[in-house]
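Coordinates in review
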Amino acid sequence: MKEETLFRAICSITDCMRTVYVRGLCNMHYLRLRRLGPLPPLPPRPSVSDRFWANVQQTTGCWPWTGATSRGYGKILDHGQMKSVHRVSWELTYGSIPDGLGVLHRCDNPPCVRPEHLFLGTATDNNRDRDVKGRNGFSRKTHCPQGHPYDGNNLYLWRGGRKCRECWRVRNRARLVLRRCVISTATALLAEVQKAVH
């Protein structure tokens, strides 16, 4: 039985995290070596800290991230892994983030990386913070998509959400009509088939 290895060898090229293919190189760097011959050594890449601070605009309020973003949150590449910059900001300032906790914004500004505007919390803490600050879009809605009000007898709660009773009635009526139509059509077809057979 072949013994399993507890680690995987990575490419010997600086900052390349791919698995070794041959001669200490990943497939891409090995093919490049064969095609172009030995390459001169690359200059060392700036550290994550240097690249981070180069993309932070320090102002009196929030410190917006000016680098790459995804869905409003800043992103940075750290040893082959894409990380959120507000998490990197926390780690550079306060140290590692305990398991099960996330880095949350006090200022509700996703590109902000100012350490004083960040705090640790769970997903539940983040949802509670959102609700307390009135940023939950669903809680601000007063009418359903069809224009019926979410109040009085027209409102019912189902699986943690608000539902419109009038829309529920319309949907059920349509479902019942469709079912009757399908049953009557199927019955008529069955009667025609029986007549044709006899």
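None of the values given here were measured: they were computed from a predicted structure.

Quick notes on the overall build of the protein chain
A count of helices and strands for the protein chain gives six helices and seven strands. Sequence-ordered secondary structure for the protein chain, helices as α and strands as β, is α-α-β-β-β-α-β-β-α-α-β-β-α. Here the protein chain holds 198 residues, and the buried ones make up 22% of them. Long-range contacts, defined as pairs at least 24 residues apart, comprise 27% of the intrachain contacts of the protein chain with a sequence gap of at least 6. Per element, the accessible surface of the protein chain, about 15,000 Å² overall, is 56% carbon and sulfur.

Looking at the confidence of the model for the protein chain
When pLDDT is averaged across the protein chain, the result is 83; 90% of the residues are at 70 or more. Scored below 50 in pLDDT, residues 1-6 shows zero contacts in the model against residues more than four places distant or in partner chains.

What about the nonpolar core?
One finds Val48, Phe52, Val56, Trp63, Trp65, Ile76, Val85, Val88 and Val113 forming the largest nonpolar core, which totals nine residues. Among the elements of the structure, α2 (48-54) and α3 (85-94) are those that each provide at least two residues to this core. Once residues lying within four places of it in the same chain are set aside, the contact partners of Trp63 are Trp53, Val56, Gln57, Gln58, Pro111, Cys112, Val113, Arg114 and Pro115. Cys11, Cys16, Cys26 and Tyr30 belong to the second largest nonpolar core, which has five residues in total.

Quick notes on a positive patch on the surface
On the surface, Lys163, Arg171, Arg175 and Arg179 cluster together into a positively charged patch. In terms of residues, the positive patch owes the most to one element, helix α6 (residues 165-197), which gives three residues. With respect to the helices, strands and loops of the structure, Arg171 is situated in helix α6.

Looking at α3
Those residues of α3 that sit buried are Val85, His86, Val88, Ser89 and Trp90. The inward-facing, buried residues of α3 abut α2, β2 (73-78), β3 (81-84), β4 (102-105) and β5 (118-121). Once α3 finishes, Gly95 follows within two positions and takes phi at roughly 105°, a positive value.

A word on the sheet that holds β2
Strand pairing in a sheet is mediated by backbone hydrogen bonds. Such pairs are either parallel or antiparallel. A sheet is described by the order of its strands in space; here three strands give the open sequence β1-β2-β3, paired in antiparallel fashion. Single-partner strands in this sheet number two, and they are β1 (69-70) and β3. Relative to β3, β2 runs antiparallel, the two sharing four bridges. Bridge pairing in β3 places Asp78 opposite Gln81.

Regarding the packing of aromatic side chains
Scanning the model with the defined rule gives five aromatic pairs in all. For the pair Tyr21 and Tyr30, a centre-to-centre distance of 5.8 Å together with 55° between the ring planes defines the contact as tilted. In this structure Tyr21 comes out as exposed when scored by relative accessible area, which is 52%. Linked through ring pairs, Phe52, Trp53, Trp63 and Trp65 together constitute an aromatic cluster.

What about the pattern of salt bridges?
Considering all chains together, one arrives at seven salt bridges under this definition. The salt bridge involving Asp125 is made with Arg128; its shortest N-O contact spans 3.3 Å. With a gap of three residues between them, Asp125 and Arg128 both fall in helix α4 (residues 123-132), about one helical turn apart. Note on Asp125: relative accessible area 28%, which makes it partly exposed. A relative accessible area of 48% places Arg128 in the partly exposed class. Linking Arg169 and Glu166 is a salt bridge whose minimum nitrogen-to-oxygen distance equals 3.2 Å. Linking Arg169 with Glu166, this pair stays in helix α6, spanning three residues, or about one helical turn. With relative accessibility at 36%, the residue Arg169 sits in the partly exposed group. On the accessibility criterion, Glu166 (25% relative accessible area) is partly exposed.

Rules used throughout
- Residues numbered from 1 in each chain as written.
- Predicted model: local features only at pLDDT ≥ 70, side-chain atom pairs only at ≥ 80, totals over all residues.
- Heavy atoms only, no water.
- Helix = DSSP H or I, 4+ residues; strand = E, 2+ residues; numbered from the N terminus.
- Buried < 20%, exposed > 50% of the residue type's maximum accessible area, 1.4 Å probe, protein only.
- Contact = heavy atoms within 4.5 Å.
- Areas by Shrake-Rupley, 256 points an atom, 1.4 Å probe, with all protein chains shown as cover.
- pLDDT = per-residue confidence, 0-100.
- Core = buried A, V, L, I, M, F, W, Y, C linked by side-chain atoms within 4.5 Å.
- Patch = residues over 30% accessible without salt bridge, like charges linked within 9 Å, V, L, I, M, F, W, Y side chains within 5 Å.
- Salt bridge = Lys/Arg side-chain N within 4 Å of Asp/Glu carboxyl O.
- Lys, Arg positive; Asp, Glu negative; His and termini not counted.
- Charge placed at Lys NZ, Arg CZ, Asp CG, Glu CD.
- Pairing = 2+ DSSP bridges.
- Phe/Tyr/Trp six-rings, centres within 6.5 Å; stacked < 30°, edge-to-face > 60°.

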